[in-house]
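Chain by chain, the residues:
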Amino acid sequence: MKVWRGYGSEHSMNLVMIGQFKSTEDAEKAKKMIDRLTEKLTDKIEVGSTRDRFGDDVLALLRDANIYSLRPLELEQFLHDTSTRVEKDQLILQTDELEVSAFIKLMIAQGAKISIFSAHDYPDAEYERGK
């Protein structure tokens, strides 16, 4: 009999990303951009596609959001299950995904200072799932 040792988990990432903005208006603007990209990209990209170029309509969306450094494969991150909310001058994003570079790039382009952590590791944190 052979016993395999390895890492396995049934738990999600439970990732929390907090974008600290200079004002509530800036945080709300970033949230609106995320919401708009999520809505508009739903029928424009195919999850898991190996595309390497953007269409003109997608380029226009990225131009409006002032994001020029996204790779085509990062776009599907906007289609993942996320929760976003604004509290004062902070945009709080929660997701079970680890791939969040698109959100990081969007928030940085909008002037945010970003903190990222797993609520599993910080269960007493103010932004744990369900709070």
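Residues numbered from 1 in each chain as written. Predicted model: local features only at pLDDT ≥ 70, side-chain atom pairs only at ≥ 80, totals over all residues. Heavy atoms only, no water.

Novice: Lay out the overall build of the protein with the relevant residues and their values.
Specialist: Each helix and strand counted, the protein has three helices and four strands in total. Classification of the 131 residues of the protein by burial places 36% in the buried group. Taking the intrachain contacts of the protein between residues at least 6 apart in sequence as the baseline, contacts between residues at least 24 apart amount to 73%. (Helix = DSSP H or I, 4+ residues; strand = E, 2+ residues; numbered from the N terminus. Buried < 20%, exposed > 50% of the residue type's maximum accessible area, 1.4 Å probe, protein only. Contact = heavy atoms within 4.5 Å.)

Novice: Please provide a residue-by-residue account of the pairing of strand E3 (residues 90–95), values included.
Specialist: In terms of burial, E3 is a largely internal element, six of the six residues being buried. Side chains Gln90, Ile92 and Gln94 of E3 all project onto a buried face; the interleaved residues Leu91, Leu93 and Thr95 project onto the opposite face, where all are buried too. By the bridge criterion, six bridges tie strand E1 (residues 15–20) to E3 in an arrangement that is antiparallel. By the bridge assignment, valine 16 is partnered in E3 with glutamine 94. Both strand E2 (residues 82–87) and E3 contribute to a ladder of six bridges, which runs antiparallel. Looking at E3, one finds that serine 83 is bridged to glutamine 94. Taken together, E2 and the strand that follows it, E3, pair antiparallel across an intervening segment of two residues, in which lysine 88 is found at a positive phi of about 55 degrees. (Pairing = 2+ DSSP bridges.)

Novice: Break down the pattern of salt bridges for me, with residues and values.
Specialist: Where charged atoms from two side chains of opposite charge come close, those side chains can pair. Scanning all chains against the criterion turns up five salt bridges. Where arginine 71 meets glutamate 74, a salt bridge forms, and the shortest distance between an N and an O atom there is 3.5 Å. Arginine 71 sits in the partly exposed class, given a relative accessible area of 49%. The salt bridge involving arginine 85 is made with glutamate 87; its shortest N-O contact spans 2.9 Å. Look at the salt bridges and you will find they share partners, linking Arg71, Glu74 and Lys105 into a network. (Salt bridge = Lys/Arg side-chain N within 4 Å of Asp/Glu carboxyl O.)

Novice: How would you explain the environment of alanine 112 if you had to name every residue and give the values?
Specialist: Tracing the chain through its elements places alanine 112 in the loop between helix H3 (101–109) and strand E4 (113–118). The class of alanine 112 is buried, set by a relative accessible area of 14%. Along the primary structure alanine 112 and aspartate 26 are separated by 86 residues, whereas in three dimensions their C-alpha atoms are 8.6 Å apart. When sequence neighbours within four positions are dropped, the list of residues in contact with alanine 112 reads Gly19, Gln20, Phe21 and Met107.

Novice: So what about the packing of helix H1 (residues 24–41) against helix H2 (residues 56–64)? Which residues, and what values?
Specialist: Where H1 contacts H2, the two axes come as close as 11 Å, and the packing angle between them is 175 degrees. One finds that H1 runs roughly antiparallel with respect to H2. Residue-level contacts link Met33, Arg36, Leu37, Lys40 and Leu41 of H1 to Val58, Leu61, Leu62 and Asp64 of H2. Grouping the amino acids of the contact of H1 with H2 by side-chain chemistry returns six nonpolar, no polar and three charged. (Axes fitted to C-alpha atoms, helices over the stretch in contact; angles between N-to-C directions. Parallel < 35°, antiparallel > 145°, perpendicular 65-115°, else oblique. Nonpolar A, V, L, I, M, F, W, Y, C, P; charged D, E, K, R; others polar.)

Novice: Just give me the short version of H3, but keep the residues and values in it.
Specialist: Taken together, the buried positions of H3 are occupied by Ala102, Phe103, Leu106 and Met107. Along H3, the residues classed as buried sweep out an arc of 125 degrees about the axis, all on the same side. Where H3 is buried, its residues touch E1, H1, E2, E3 and E4. One or two positions beyond H3, positive phi appears at glycine 111, with a value near 90 degrees. (Arc of directions from axis to C-beta.)

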